[in-house]
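For reference, the chains in residue letters:
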Amino acid sequence: MVMDDTMSEHMRRYYTLRQRIITRDNHFFVNNKGQRVVKLYDDVNRIYGSQLSAGVFKSKLSACVFRRMIETKSRGHRPEVGKAVAACLQHGESTALKFYRLPDASEAIRRQDRINMVDKTAAFEQEVMANFDEIFGNELYVNMTESLIQEKLQGSDEITSNSGAEITASFVKTLKTRYDILVEEWRIDILYELAIQEYDHTNISKHAIIQISKDNRIHYFIHGDKDRIVKAVINRVNKR
């Protein structure tokens, strides 16, 4: 195929612009020589605008339209890329945050899924609190760890009826605290009965209560508010 000089020049320019640039610069916009582009709109204006006088151009491309074009293409990128786009458009970071991160379809779907998950999680947590005794019971000798709570929640009817809900770490801690408080008085009674078999008001101590729980393999009895539980046992022994 034979091409005239004009077409050959266009082809040469096209392939030159398509070549990978070897440069140490990390800037988002560079020209085909690897040089940083700072005033992107001004440079585009020189290409598409008409010169009125030395250094003065009349734009054929609206700055607002051009900005919207760039913003639209930057939405799917990471925030740091948006900041680079903002710098090249001579915009501040606040402008980038306000305009550049507008959601496209996939982002809107992701946000809606997140909203749905939050709603489902709230409903799930409300149902669990309402059916707490049915799910966890109140067994004194059950070491209700956070992992066991997770296991019970994952197998519950409440999580099944609220598909998409999230079991958060904070909610698990809340449930563990409630369980510990629920069985606390009964556990104090048991620790007291064990303590008076070996101790009295002359030698009872915090260390003694902890040792009793270890010796009887009920160390989890004081995993809640340890200081309050130990103090309650000691007070009972002292009043005996």
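The structure this text deals with has already been given above.
Residues numbered from 1 in each chain as written. Predicted model: local features only at pLDDT ≥ 70, side-chain atom pairs only at ≥ 80, totals over all residues. Heavy atoms only, no water.

Visitor: Give a description of the pattern of salt bridges that names residues and reports values.
Guide: Close approach of charged atoms allows side chains of opposite charge to pair. The full count for this structure, using the stated rule, is 7 salt bridges. Measuring nitrogen to oxygen at the nearest pair gives 3.2 Å for the salt bridge that ties E146 to K173. With a gap of 27 residues between them, E146 in helix α8 (residues 146-154) and K173 in helix α10 (residues 169-195) connect regions that are remote in the sequence. Of the residues examined, E146 reaches a relative accessible area of 34% and is grouped as partly exposed. The partner of D189 in a salt bridge is R236, with the nearest N and O atoms 2.3 Å apart. Here R236 lies in helix α12 (residues 226-239) and D189 lies in helix α10, a separation of 47 residues in the sequence. (Salt bridge = Lys/Arg side-chain N within 4 Å of Asp/Glu carboxyl O. Helix = DSSP H or I, 4+ residues; strand = E, 2+ residues; numbered from the N terminus. Buried < 20%, exposed > 50% of the residue type's maximum accessible area, 1.4 Å probe, protein only.)

Visitor: Talk me through the side chain of T121; I want residue IDs and the actual numbers.
Guide: Examined against the element boundaries, T121 turns out to sit in helix α6 (residues 105-130). Here M117 takes part through its backbone oxygen, which lies 2.7 Å from a polar atom of the side chain of T121. With near-sequence residues (within four places) excluded, T121 lies in contact with A165 and E166. (Polar contact = N/O pair within 3.5 Å; in protein donor to acceptor, adjacent residues only side chain to side chain. Contact = heavy atoms within 4.5 Å.)

Visitor: Give a detailed account of the packing of α10 against α12, specifying residues and quantitative values.
Guide: Close contact between α10 and α12 brings their axes to 9 Å; oriented N to C, the two are set at 45 degrees. One finds that α10 runs oblique with respect to α12. α10 and α12 meet at a crossing whose hand is right-handed. Taking contact as the criterion, the partners of I181, E184, E185, I188, D189, L191, Y192 and A195 in α10 are, on α12, R228, I229, A232, V233, R236 and V237. Considering only residue class, the contact of α10 with α12 consists of 9 nonpolar, no polar and 5 charged. (Axes fitted to C-alpha atoms, helices over the stretch in contact; angles between N-to-C directions. Parallel < 35°, antiparallel > 145°, perpendicular 65-115°, else oblique. Left-handed = near helix turned anticlockwise from the far one by under 90°. Nonpolar A, V, L, I, M, F, W, Y, C, P; charged D, E, K, R; others polar.)

Visitor: Which residues make up the environment of D225, and what values do they have?
Guide: Here D225 lies in the loop between α11 (206-215) and α12. Its relative accessible area of 34% is what places D225 among the partly exposed residues. Engagement of the side chain of D225 in a polar contact is seen with the side chain of R228, the distance being 2.9 Å.

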